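If you want the building blocks of each chain, they are given just below.
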Amino acid sequence: MRDRYDVIVVGAGPAGSMAAKTAAEHDLETLLLEKRVEIGDPVRCAEGVGKEGLKQFIKPDKRWIAADVQGARICFPGGIKIEMSEVGPEVGYVLERKIFDRELAKQAAKAGAEVMVKTRAVDLIKEDGFVRGVKAEHLGDSFDIHADVVIGADGVESKVGRWAGINTTLKPKDIETCAQFLMTDVDIDPCYCEFYIGNQIAPGGYAWVFPKGNNEANVGLGISGSRSEVRPIEHLKRFVEKKYPEGQIIEMIMGGVPVTVPTKTTTNGLMLVGDAARMSDPLTGGGIIHAMKSGTMASEIASKAVQSGDSSVECLNEYERRWRPTIGATLQKSYKAKEWLLKLNDAEWNSIASSIVGINFKELTAFGLLKELTLRNPKLLWDLRSLL
Ligand SMILES: Cc1cc2nc3c(=O)[nH]c(=O)nc-3n(C[C@H](O)[C@H](O)[C@H](O)COP(=O)(O)OP(=O)(O)OC[C@H]3O[C@@H](n4cnc5c(N)ncnc54)[C@H](O)[C@@H]3O)c2cc1C
């Protein structure tokens, strides 16, 4: 390790590894810091990802694909199930993120980035109103590492943004608190992801069952932070006892998903990416693709900043100008849809479900579903007009 790099990336999740890989591919001296001993472990994710989104960044490889998904079933509180088969970009894979995340970090290393595990960023170096590097700890040693640009990819619990003076605080309603079991011996359809909606099951959120092959599945749920009188783990235990009484729990995780729209992601010498920038989709909670996309974009801009010797916020704001009309536009729409869906009670969910029974969906996306809803329920058109 040196004491100066062009770019330091904090956090080796999908956002950080893509940022480090892209920076190294642009011939930048790059350092990727990860606080964990093992990249990708523990997994805090249901591991579902759209094929189309993923293929923009990496060639699918069966080593890190647990299941190839052909469709989704949405199960409503009154018992109606809507089935959507392989017709759109949301159909995809269930990943093995322990291997996937490690593969992304390996690709960053192969491109020339230096990777350091068990190395925690503990603060930023700030000089003359600029972020100029990272203070880090590794095996009891503390040290300062300087850089022209720091990329904060430290996930939902991000501190990098706060250290840089960016307000990344989440309101309770803008965080989905989740619990998930990796279960074995569950009798499931190996090719379908299932989603369960209803305020009894997951208030302000949903439960999911994502197959992982060999009768294994990620079974989890997320509930809105503003509705959580009962902890998600209690909701999940109830759900699992009822649905999979014979199943065995072999792993358990808790975690939060930001379900909001980012306010600011740049300051002098610093950019935030992925969950650190609050870029997971407020409607679905999916954040892997946005993380990979934003990590890539940030490093493309970092390359320009390093080459021009200007890492001021004015220069780095090109990153904002790139993600806002793309990732940002999706986040805005999803946020509005989430706000609308949060208001529905179970009777309203059931009435919506009845109106779309038997439809052959042309688009297997959350917005495809909303489009069909408005076609069948013209009264909803007013509420949802800005989303379609
Ligand atoms: C229960 C649950 C289910 C989910 N399911 C899905 C899903 O099915 N599909 C989907 O697309 N998304 C899902 N998500 C969201 C998805 O996991 C995230 O959006 C995605 O991991 C974000 O990637 P990231 O690189 O921004 O952050 P992360 O993957 O969280 O990576 C951040 C990394 O930074 C490291 N780090 C943190 N602080 C420091 C520090 N100070 N110094 C050094 N390293 C640090 C962490 O150890 C971690 O490795 C789910 C999330 C949860 C909680």
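Rules of the game
- Residues numbered from 1 in each chain as written.
- Predicted model: local features only at pLDDT ≥ 70, side-chain atom pairs only at ≥ 80, totals over all residues.
- Heavy atoms only, no water.
- Core = buried A, V, L, I, M, F, W, Y, C linked by side-chain atoms within 4.5 Å.
- Buried < 20%, exposed > 50% of the residue type's maximum accessible area, 1.4 Å probe, protein only.
- Contact = heavy atoms within 4.5 Å.
- Phe/Tyr/Trp six-rings, centres within 6.5 Å; stacked < 30°, edge-to-face > 60°.
- Helix = DSSP H or I, 4+ residues; strand = E, 2+ residues; numbered from the N terminus.
- Lys NZ or Arg CZ within 6 Å of the ring centre and 35° of its normal.
- Near = heavy atom within 4 Å.
- Polar contact = N/O pair within 3.5 Å; in protein donor to acceptor, adjacent residues only side chain to side chain.
- Areas by Shrake-Rupley, 256 points an atom, 1.4 Å probe, with all protein chains shown as cover.
- Pairing = 2+ DSSP bridges.
- Axes fitted to C-alpha atoms, helices over the stretch in contact; angles between N-to-C directions.
- Patch = residues over 30% accessible without salt bridge, like charges linked within 9 Å, V, L, I, M, F, W, Y side chains within 5 Å.
- Salt bridge = Lys/Arg side-chain N within 4 Å of Asp/Glu carboxyl O.
- Lys, Arg positive; Asp, Glu negative; His and termini not counted.
- Charge placed at Lys NZ, Arg CZ, Asp CG, Glu CD.
- Parallel < 35°, antiparallel > 145°, perpendicular 65-115°, else oblique.
- Left-handed = near helix turned anticlockwise from the far one by under 90°.
- Expected span 1.5 Å × (residues − 1).

**A look at the nonpolar core**
One finds L124, V134, L270 and Y319 to be the most contacted residues of the largest nonpolar core, which totals 57 residues. Sequence-distant contacts of L270, that is, excluding residues within four places in its chain, are made with L124, V131, V150, V160, A164, I166, T265 and L316. If you look at the next biggest cluster of nonpolar residues, it comprises 28 residues, including M84, C178, W349 and I352.

**Digging into the packing of aromatic side chains**
Per the stated rule, a full pass over the model turns up six aromatic pairs. Their ring planes at 70 degrees and their centres at 5.1 Å tell us that Y196 and F239 sit as a pair that is edge-to-face. Of this pair, Y196 sits in strand β13 (residues 192–196) while F239 sits in helix α5 (residues 232–243), and the two are 43 residues apart along the sequence. Take Y196 and F239: they sit in the same class, and that class is buried. With 5.9 Å between their ring centres and 65 degrees between their planes, Y206 and W208 make a pair best called edge-to-face. One aromatic cluster is present, formed by F195, Y206, W208 and F210 through successive ring pairs. R2 extends its terminal NZ or CZ atom over the ring of Y5, reaching a point 4.7 Å from the ring centre. The ring of Y192 carries the charged tip of R73 above its face, separated from the ring centre by 4.2 Å.

**Describing the site of the ligand**
Neighbouring the ligand are 35 residues, the closest being E34, A46, G48, R97 and D275. P14 places a main-chain nitrogen or oxygen 3.2 Å from an oxygen atom of the ligand. At 3.3 Å from an oxygen atom of the ligand is found a main-chain nitrogen or oxygen belonging to E47. The fraction of the free accessible surface of the ligand (1000 Å²) that becomes covered by protein chains is 91%. Those elements giving two or more residues to the shell around the ligand turn out to be α1 (14–25), β9 (119–127), β14 (206–213), β16 (248–258) and α6 (288–308).

**A look at the sheet that holds strand β6 (residues 81–85)**
If you walk across this open sheet you meet the seven strands as β6-β5-β13-β14-β15-β12-β16, and the pairing is mixed. Each edge of the open sheet is held by one strand with a lone partner, namely β6 and β16. Geometrically, the sheet is characterised by an average inter-axis angle of 15 degrees between neighbouring strands, direction not taken into account. Judged from the eight bridges that link them, strand β12 (residues 175–184) and strand β15 (residues 216–224) form a sheet pairing that is antiparallel.

**Here we look at a positive patch on the surface**
Together, K35, K118, R120, K159 and R162 make up a region of like positive charge exposed at the surface. As for its position among the elements, R162 is in helix α4 (residues 160–163).

**Digging into the sheet that holds strand β4 (residues 65–68)**
Strand order in the open sheet made by the three strands is β3-β7-β4, with antiparallel pairing throughout. Where the open sheet ends on each side, the last strands, each with one partner, are β3 (48–50) and β4. For this sheet the average axis-to-axis angle between neighbouring strands, irrespective of direction, equals 30 degrees. As defined by bridge partners, β4 adjoins strand β7 (residues 92–95) across three bridges and the pair is classed as antiparallel. Residue pairing across strands places D68 opposite Y93, the latter belonging to β7.

**So, the pattern of salt bridges**
Within the structure shown, the criterion is met by 26 salt bridges. For R324, the salt bridge identified is with E320, shortest N-O distance 2.7 Å. Within this pair, R324 and its partner E320 are both found in helix α7 (residues 313–342), separated by four residues, close to a single helical turn. Residue class for E320 comes out buried when judged on its relative accessible area of 11%. The network of salt bridges with common partners includes R73, E83, D189 and E194.

**Topic: the packing of α1 against helix α3 (residues 97–111)**
Between α1 and α3, whose axes approach to 7 Å, the crossing angle comes to 20 degrees. On the basis of the axis angle, α1 is roughly parallel to α3. Crossing angle aside, the handedness with which α1 passes α3 is left-handed. When α1 is examined against α3, the residues P14, S17, M18, A20, K21, A24 and E25 are found in contact with a partner set consisting of R97, D101, L104, A105, Q107, A108 and A111.

**What about α3?**
Here α3 contains 15 residues, and its C-alpha end-to-end distance of 21 Å stays within 8% of the 21 Å for a straight helix at 1.5 Å per residue. Of all the residues in α3, the buried ones are R97, F100, D101, E103, L104, A105 and A108. Two residues or fewer after α3 comes G112, characterised by a positive phi angle close to 120 degrees.

**Concerning the pairing of β9**
As judged from the eight bridges shared by β9 and strand β10 (residues 130–138), these two strands associate in the antiparallel manner. Following the sheet pairing, E127 is matched in β10 by F130.

**Some words on the pairing of β13**
With four of five residues buried, β13 is to be regarded as a mostly interior element. Inspection of the sheet shows strand β5 (residues 71–75) paired to β13 by five bridges, in the parallel sense. The partner of R73 across the bridge, within β13, is E194. Examined bridge by bridge, β13 and β14 share three bridges and lie antiparallel to one another. Note on β14: the bridge partner recorded for F195 is W208.

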